[in-house]
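Observations on the three-dimensional arrangement
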Amino acid sequence: MTAAGGWYVYGVLLAAEATEAIFRDVAGVAGGPVTLVVDGDLAAIASEVPLSEFGEDAILENLRDPGWLEARVRAHERVLAAALHAAPVVPFRFGTIYHDEGHVREMLSAHRGLSTALVRVRGRRELGVKGFLAAVAADAEPATAEDDTSAGRRYLEEKQRARRLAEERDAQRAQWAEEAHARLAAVAEAATANALQPREVSGRDEEMFLNAAYLVATEREREFRAVVAALEAEFGPRGAHYELTGPWPPYNFVEDPA
Amino acid sequence: MSTPARSGSQLPTTYGGRQPAQLADVLERVLDKGIVIAGDIQINLLDIELLTIRLRLLVASADKAREMGIDWWEGDPFLGRGQKDALEGRLKRLEQATGLSDGDRGDSERES
């Protein structure tokens, strides 16, 4: 045990299915190799991290740096993506760090329920679906003032019309989200609808109306994709657009052990 | 209406050689989902959660801002410790407004 190092844990696999070769091509959050820490039937996916970067004070400071955080979050995700291609994996949230390998083993032995979680996600992967509504051309041309009274009146009418349109669009979005979610959930083992991402986050002009995750059996992935394509074909001409992401490790479908 | 840089959140990470994962989708999962087990290093999850949202707000505009030489999020008072209440309040308002208006964003911009 080195004084300056900690152990960062990405997630767990079943020891019987885990080999370090799975992580041959990926680097850990601190750039070093990814290894396995085994206890009983569980294997923690871990890597050594310098406490100068991941220690209690240092990490709080580093978390405030978007560039630092983005690089580490992506590294975390790449490690788990590599695991996903090889075996069922239960992903941990970012930033689970132990002082030494022994503590990682203790964590595994204290959370035997992780094996149950691994069984639950066996043969299933998470797929994400986002629904977008095409941006309508901003037809709220502000009235050019001919005289003050008509301009004021037009302004109010315009405002009322805009509110009515917004309400209609809200109702439309809710209906489409419900419809899509129901159809997709029907071919999934589990489903969850998450908070919508605002435009600044999604990086798109279209308004998001669905941001959901589905736990899909691998043998039904093709069917799931067909449902997405069917939604696109049916609602696309009316301005809806669906985007499939993943497969992801089952981030949305693991529960915290008690 | 401003047009967010579409390429801003598309950095090269792929699953199974498919389309690149967007940063917002990765952040949402890695920081907000997944199993939470207490490690030896105590990280205040509230800090992370607030940061996540804060970062999410930056994701799409960060690249564009960098192009213009703006890094206003660095040294942002909202990220200072002890400012959580202010940040939380602001986030609530932002969440209520479906999508940010330019005006909302403007007050945290420091271009001059």
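Since we're looking at a predicted model, the values are computed, not measured.

Counting its secondary structure elements, chain A contains eight helices and eight strands. A globule of 258 residues ought to have a C-alpha radius of gyration of about 18 Å, yet chain A, at 24 Å, is considerably larger. If you line up chain A on its principal axes, its C-alpha atoms span 80 × 45 × 35 Å. Burial statistics for chain A: of 258 residues in total, 43% are counted as buried. For chain A, restricting intrachain contacts to residue pairs at least 6 apart in sequence, the fraction spanning at least 24 positions comes to 77%.

The next subject is helix α4 (residues 101-110) of chain A. All names here are of chain A. Buried within α4 are the following residues: Val104, Met107 and Leu108. Viewed end-on, α4 has its buried residues packed into an arc of 100°, placing them on one side of the element. Every exposed residue of α4 that faces more than 90 degrees away from the buried side is listed here: Ser109 and Ala110. Of the surrounding elements, those touching the buried residues of α4 are β1 (5-14), β2 (35-39), β3 (42-50) and β4 (90-98).

The next subject is the nonpolar core. Within the largest apolar cluster, 77 residues are counted, with the highest numbers of intra-cluster contacts made by Val9, Ala44, Ile45 and Tyr214 of chain A. Ignoring any residue separated from it by four or fewer positions in sequence, one finds Tyr214 of chain A in contact with Glu126, Leu127, Val129, Leu184, Ala185, Ala188, Ala191 and Phe224 of chain A.

A word on unusual backbone geometry. With an omega of 5°, the peptide bond running from Gly246 of chain A to Pro247 of chain A counts as cis. On the secondary structure map, Pro247 of chain A appears in strand β8 (residues 240-248).

Along any regular strand, the residues point their side chains to alternate faces of the sheet. Residues and elements named next belong to chain A. Counting buried residues along strand β5 (residues 124-133), ten of its ten residues qualify, which places the element largely inside the surrounding structure. Of the two faces of β5, the one lined by Arg124, Glu126, Gly128, Lys130 and Phe132 and the one lined by Arg125, Leu127, Val129, Gly131 and Leu133 are each fully buried. Sheet analysis places β5 next to β8, joined by seven bridges and oriented antiparallel. By the bridge assignment for β8, Gly131 is matched with Tyr242.

Residues and elements named next belong to chain A. Mapped onto the elements of the fold, Ile45 is located in strand β3. A tally of 27 C-beta atoms within 10 Å means that Ile45 is categorised as buried. A C-alpha to C-alpha distance of 10.0 Å links Ile45 and Val90, two positions 45 residues apart in sequence. Ignoring sequence-local partners within four residues, the contact set of Ile45 consists of Val9, Tyr10, Gly11, Val12, Leu13, Val34, Leu36, Val79 and Ala83.

It is worth spelling out the sheet that holds β5 of chain A at this point. Residues and elements named next belong to chain A. Taken in spatial order, the four strands make up an open sheet running β6-β7-β5-β8, and their pairing is antiparallel. Because the sheet does not close on itself, it has two edges, and the strands there are β6 (190-193) and β8. Across this sheet, the average inter-strand angle for adjacent strands is 20°, counted without regard to direction. Those strands touched by helix α8 (residues 221-235) are β5, β7 (207-217) and β8, and its axis lies near 165° from that of β8.

Right, let's talk about the domain arrangement of chain A for a bit. By convention, interface size is frequently given as the accessible area that disappears when the constituent parts associate. Residues and elements named next belong to chain A. Domain boundaries assigned for chain A yield domain 1 (5-120) and domain 2 (124-253). Its C-alpha centre places domain 1 at a distance of 34 Å from the equivalent point of domain 2. Taken together, the contact between domain 1 and domain 2 spans seven residues of the former and five residues of the latter. No other element matches helix α3 (residues 66-86), which puts four residues into the side of domain 1 that touches domain 2. Counted by class, the side of domain 1 that touches domain 2 contains six nonpolar, one polar and no charged residues.

Cut-offs applied
In every chain, residue numbers begin from 1 and rise along the written sequence. All chains are assigned letters beginning at A, and all ligands numbers beginning at 1, according to the order in which they are written. Note on the predicted model: pLDDT of at least 70 is required for a residue's local features to be given, and 80 or more for side-chain atom pairs to be given and counted; whole-chain, interface and lining totals, by contrast, use all residues. Where helices and strands are cited, they refer to DSSP runs of H or I of at least four residues and of E of at least two residues respectively, numbered from the N terminus. All radius of gyration figures rest on C-alpha atoms, and the globule criterion is 2.2 Å times the number of residues raised to 0.38. A residue is called partly exposed when the number of other C-beta atoms within 10 Å of its own lies between 12 and 20, exposed at 12 or fewer, and buried at 20 or more, with C-beta atoms placed from the backbone. A pair of residues counts as a contact when their C-beta atoms, built from backbone coordinates, are within 7 Å of each other. As used here, the arc is the angular range of directions from the helix axis to the C-beta atoms. Think of a nonpolar core as buried Ala, Val, Leu, Ile, Met, Phe, Trp, Tyr and Cys residues chained together by C-beta atoms that fall within 7 Å. Each pair of strands is called paired provided DSSP finds at least two bridges between the two strands. For every element, the axis is a line fit to its C-alpha atoms; helices are fit only across the contacting stretch, and the angle between N-to-C directions ranges from 0 to 180 degrees. Where a domain begins and ends is set by an automatic assignment or by a domain database. Classification convention: Asp, Glu, Lys, Arg as charged; Ala, Val, Leu, Ile, Met, Phe, Trp, Tyr, Cys, Pro as nonpolar; all other residues, Gly among them, as polar.

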